[in-house]
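# Tertiary structure, described
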Amino acid sequence: MPKCSNTQMPKSPNAQMPKSSNAQALISPKAPAQKSRPKHASTQAQMPKLPKAPRPAPPPPAHPGPARARAAPRQAGARAPPGAGRAGPRALNGGGGGGGAASRLRGRSVSAGRAMAAGGRGGFRALALGVSFLKCLLIPAYYSTDFEVHRNWLAITHNLPLSQWYYEATSEWTLDYPPFFAWFEYALSHVAKYFDPKMLVIENLNYTSHATIFFQRFSVIFTDIVFIYAVYECCRCVNGKRAAKDILEKPTFILAVLLLWNFGLLIVDHIHFQYNGFLFGLMLLSVARLCQKRYLEGALLFAVLLHFKHIYMYVAPAYGIYLLRSYCFTANNADGSLKWRSFSFLHVTLLGLIVCLVSALSLGPFIVLGQLPQVISRLFPFKRGLCHAYWAPNFWALYNAMDKALTIFGLKCNFLDHTKIPKASMTGGLVQEFQHTVLPSVTPLATLICTFISILPSVFCLWFKPQGPRGFLQCLVLCALSSFMFGWHVHEKAILLAILPLSLLSVQRAKDAGIYLILTTTGHFSLFPLLFTPPELPIKILLMLLFTVYSFSSLKSLFRRERPLLNWLETIYLVQLVPLEIFCEIVFPLTPWKQHFPFVPLLLTSVYCALGVTYAWLKLYISVLTERISVKQKAE
């Protein structure tokens, strides 16, 4: 019997979102290959032994000459050429008793694959429609002062000329986003006038109506179409070859859920109120284009994004180094090192033109008006202080807590004079500049230096240890986390800038999945103080539980053949978030401490979550710095 150990049926399409032919998969170098023996591997070899059933004569071929020539060796009983036993297209189209059966099997396999692929696309559409329906249900929920911020920006851009946009100060919520976002508000205002013209009156501070609420809520839901499309494109870039019996266990499906149903994005945009989904959509779409080696499109999208919201400057080093390494230098040496002679002046020129044209389109009118310094002063308000009203869970939260603890200890031991200690508390919601009592006070320049130093190692790894799109994503996440850890006046919502791109890595490697679970759980829990009204308490707890349980169960199932995603110490840390929430929401309000120390729940939440975020940042950095890259991977 002919040997069929290498016999293999043709691959049928996966049941995931369809892959782009030019998309480069984010493949982990250490991911084990899944081997499985084809079910019908020896079909062609075994078919001649079966009893031959009478069958009608086949119709004459359209081109009898070549057909007879191809069939002659089989009819003469000659030995099949090497590879004829393979279940490839040529073998399946050959003659003999088994050829027809193999062809039928191949047709059934292709049909089943197409059905599974259609099911994958249908699954993605169901996820997108389901989360959109949930967003509609959240329209009557609580909204923050950001609702009034964006209403005021609608009024400013609708009523005032361009020259007054960044000078108007009737409301305390002045326009402090880049010009592209101001034009975005201008476009929305021309739709808003058909819902309620009174919302466009600048003097109507804190104005609300049912039409205003519906319009602003629905504008966020509608612009999330960009985010949904970006998630779809990212799913096409992810390696989906990991074996799975069910579509629900496919990496692409898991990634779609982790992004579309992200808990933090849901509560920040559709309860607290912001337009982060639209902006993150632009970022993820630029990431997808870079993974697909469509470098100019990715660069254009990111340049546009920077002029929508300047917080994305934190991840600009990752984009700049990756484009320089992968696009401006077009080849590597055999050992993976950079081939300096491959530098393309044309590619650098094209990237420079994109940056200059987008910047000119955004800032050009204000440069002509001589208002660029005023715009920059609005975009970078350093007088707001080191920390936001609620401490973001970063290094400065730990720094402030240490200063508080040392102050209390100094007063107890009479080391400090209480008359010289400022009464204003940084935990009381103040956002202006303040001085630390014991530790040295922090300046904007100090935070800039700390951020720059913390980003450098990730940038060096991206240059000297290139891993393609995977290395780019690692650097992007580390840049986002480093800026979150050490930036000036960081908002707690900025943790999403690291969580969302880390989702793409979490479905590729178990080590990244463990880091993702730690960062996501602590980062999302740190957003709880944003929703402090009683009606929203069950909503945020239920949504957090659903997303967290799915994240743990799906990633655990995806990497069930590998080591546990979390060790016992990490598990204990995450479990302790439950009693912390019970104390902050139920126990503390019933104690007399609430009258004298109202900031304690915020302080505990911020400091405890800062420990987890710091740990995830260090663990990811250690993983990137110690990861060994083969010469072959460098060359690729």
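Just so you know, these numbers come straight off a predicted model, no measurement behind them. (Residues numbered from 1 in each chain as written. Predicted model: local features only at pLDDT ≥ 70, side-chain atom pairs only at ≥ 80, totals over all residues. Heavy atoms only, no water.)

## Overview of the overall build of the protein chain
Using the following cut-off: The numbering of helices and of strands both runs from the N terminus, where a helix is a DSSP run of H or I of at least 4 residues and a strand a run of E of at least 2. The buried label goes to any residue with under 20% of its type's maximum accessible area, the exposed label to any with over 50%, and the partly exposed label to all in between, with areas taken from a 1.4 Å probe on protein chains only. When checking whether two residues touch, look at their non-hydrogen atoms; a contact exists if any pair is within 4.5 Å. Computed with the Shrake-Rupley method and a 1.4 Å probe, the accessible areas treat only the protein chains shown as cover for residues.
Secondary structure assignment for the protein chain yields 26 helices and zero strands. Here the protein chain holds 636 residues, and 49% of them are scored as buried. The contacts in the protein chain between residues at least 6 apart in sequence include a share of 79% that link residues at least 24 apart. In the structure as shown, the protein chain presents an accessible area of about 31600 Å², 66% of it carried by carbon and sulfur atoms.

## Section: the nonpolar core
Keep this limit in mind: Buried Ala, Val, Leu, Ile, Met, Phe, Trp, Tyr and Cys residues that are joined via side-chain atoms within 4.5 Å together make up what is termed a nonpolar core.
In terms of nonpolar packing, the biggest core is built from 164 residues, with Phe280, Leu284, Tyr319, Phe472, Leu519 and Leu555 touching the most fellow members. Ranked by residues supplied to this core, first place goes to helix α18 (residues 469-486) with 12 residues. Ignoring anything within four residues of it in the chain, the contact list for Leu284 reads Phe227, Ala230, Val231, Cys234, Leu259 and Leu504.

## Let's talk about unusual backbone geometry
Its identity as a non-glycine residue notwithstanding, Asn206 has a phi of 60°, on the positive side. Within the secondary structure, Asn206 is located in the loop between α6 (179-192) and α7 (210-223). Residue Asn206 is classed as exposed on the basis of its relative accessible area of 57%. Within the chain, Lys293 stands out as a residue other than glycine whose phi angle is a positive 65°. Considering the arrangement of structural elements, one finds Lys293 in the loop between α11 (276-291) and α12 (295-306).

## Let's talk about the pattern of salt bridges
Opposite charge on two side chains allows them to pair when their charged atoms are near. What counts, and what does not: Each reported salt bridge corresponds to a side-chain nitrogen of Lys or Arg within 4 Å of a carboxyl oxygen of Asp or Glu.
All chains considered together, the criterion is met by 14 salt bridges. With a shortest N-O distance of 3.9 Å, Glu627 and Arg470 are connected by a salt bridge. With Glu627 in the loop between α25 (600-626) and α26 (631-635) and Arg470 in helix α18, the pair connects residues that are 157 residues apart, well separated along the chain. In this structure, Glu627 and Arg470 share a single accessibility class: buried. A salt bridge links Glu627 to Arg509; its shortest N-O distance comes to 3.0 Å. Placement of Glu627 in the loop between α25 and α26 and of Arg509 in the loop between α19 (496-506) and α20 (510-525) is noted, with a sequence separation of 118 residues between them. Judged by its relative accessible area of 5%, Glu627 falls in the buried class. Residue Arg509 is classed as buried on the basis of its relative accessible area of 7%. Among the ionic contacts, a cluster of salt bridges with common partners joins Glu233, Arg236, Arg289, Arg294 and Glu297.

## What about helix α14 (residues 345-368)?
An α-helix turns once per 3.6 residues; consequently, residues spaced three or four apart project the same way. Convention followed: One fitted axis covers the seven residues ending at a residue, a second covers the seven starting there, and the bend at that residue is the angle between these axes.
Where α14 bends most, at Ser362, the angle is about 50°, and the proline Pro365 comes one to four residues later. Here the buried face of α14 lies against α6, α12, α13 (316-328) and α15 (372-379). Note on α14: the residue one or two positions beyond its end, Gly370, has a positive phi of about 70°.

## What about the side chain of Thr407?
Structurally, Thr407 is set in helix α16 (residues 395-412). In this structure Thr407 comes out as buried when scored by relative accessible area, which is 9%.

## Section: the packing of helix α9 (residues 251-260) against α19
Rules: Whenever a helix is involved, its axis is fitted only over the stretch in contact; in every case the axis is a line through C-alpha atoms, and angles between N-to-C directions fall within 0 to 180 degrees. The labels follow the angle: roughly parallel below 35 degrees, roughly antiparallel above 145, roughly perpendicular from 65 to 115, and oblique for the rest. For this scheme, ten residues count as nonpolar: Ala, Val, Leu, Ile, Met, Phe, Trp, Tyr, Cys and Pro. Four count as charged, namely Asp, Glu, Lys and Arg, and the remainder, Gly too, count as polar.
Put simply, α9 and α19 touch, their axes get as near as 10 Å, and they point 170° apart. Judged by the inter-axis angle, α9 sits roughly antiparallel to α19. From α9, Leu255, Leu258 and Leu259 reach across to α19, where they touch Leu500, Ser503, Leu504 and Ser506. A per-class count over the contact of α9 with α19 returns five nonpolar, two polar and no charged.

## Considering the packing of aromatic side chains
Rule in force here: Any pair of Phe, Tyr and Trp rings, taking the six-membered ring for Trp, is counted once the centres come within 6.5 Å. Such a pair is stacked with planes under 30 degrees apart, edge-to-face with planes over 60 apart, and tilted for the rest. Placement of a charge over a ring requires the Lys NZ or Arg CZ to be within 6 Å of the ring centre, with the centre-to-atom vector within 35 degrees of the ring normal.
Applying the stated criterion across every chain yields a total of 45 aromatic pairs. The ring of Trp463 carries Arg325 above its face, with NZ or CZ at 5.6 Å from the centroid.

## Some remarks on the side chain of Gln292
Quick reminder of the rule: In protein, a polar contact requires one atom able to donate a hydrogen and another able to accept it; more generally it is a pair of N or O atoms within 3.5 Å, and residues adjacent in sequence count only if both atoms are side-chain atoms.
Secondary-structure assignment places Gln292 in the loop between α11 and α12. A distance of 3.2 Å separates polar atoms of two side chains, one belonging to Gln292 and the other to Arg294.

## Quick look at the state of the cysteines
So the rule is basically this: Disulfides are defined in this document as cysteine sulfur pairs within 2.5 Å.
Using the criterion set out here, one finds zero disulfides in the structure. Note on Cys479: no disulfide assigned, nearest cysteine sulfur contributed by Cys475 at a separation of 4.0 Å.

## Points about empty space enclosed by the protein
Quick note on the threshold: Cavities and pockets are defined on a 1 Å grid built over the protein atoms alone: a cavity is a set of grid points where a 1.4 Å probe fits but cannot escape, while a pocket is an open set with protein on both sides within 12 Å along at least five of seven lines, and lining residues are those with an atom within 4 Å of any such point. Grid points are joined across faces, edges and corners, and a volume is the space filled by probe spheres set on the points.
The final tally for this structure, using the stated rule, is eight cavities of 30 Å³ or more. Empty space within the largest cavity amounts to approximately 60 Å³. Surrounding the largest cavity, Ser458, Cys461, Leu462, Lys465, Gln467, Gly471, Gln474, Cys475, Leu478 and Val624 form its lining. Where the lining of the largest cavity is concerned, the elements lending two or more residues are α17 (444-464) and α18.

## Details of helix α10 (residues 263-273)
The buried count for α10 comes to 11 of 11 residues, which makes it a mostly enclosed element. The set of residues buried in α10 consists of Phe263, Gly264, Leu265, Leu266, Ile267, Val268, Asp269, His270, Ile271, His272 and Phe273.

## Some details on the packing of α20 against helix α21 (residues 536-558)
Put simply, α20 and α21 touch, their axes get as near as 11 Å, and they point 175° apart. Judged by the angle between their axes, α20 and α21 are roughly antiparallel. Contacts from Ala513, Tyr516, Leu517, Thr520, Thr521, His524 and Phe525 in α20 reach Met544, Phe547, Thr548, Ser551, Phe552 and Leu555 in α21. Taken together, the residues of the contact of α20 with α21 break down into eight nonpolar, five polar and no charged.

## Details of the confidence of the model for the protein chain
Heads up, the condition is: Residue-level confidence of the predictor is what pLDDT reports, using numbers from 0 through 100.
Across the protein chain, the average pLDDT comes to 81, with 76% of residues at 70 or higher. Here residues 1-25 is a poorly scored stretch, pLDDT under 50, and it has 71 contacts once near neighbours within four places are set aside; other chains count. Long-range and interchain partners of residues 27-54, a stretch whose pLDDT sits below 50, account for 38 contacts in this model, where long-range means more than four residues apart.

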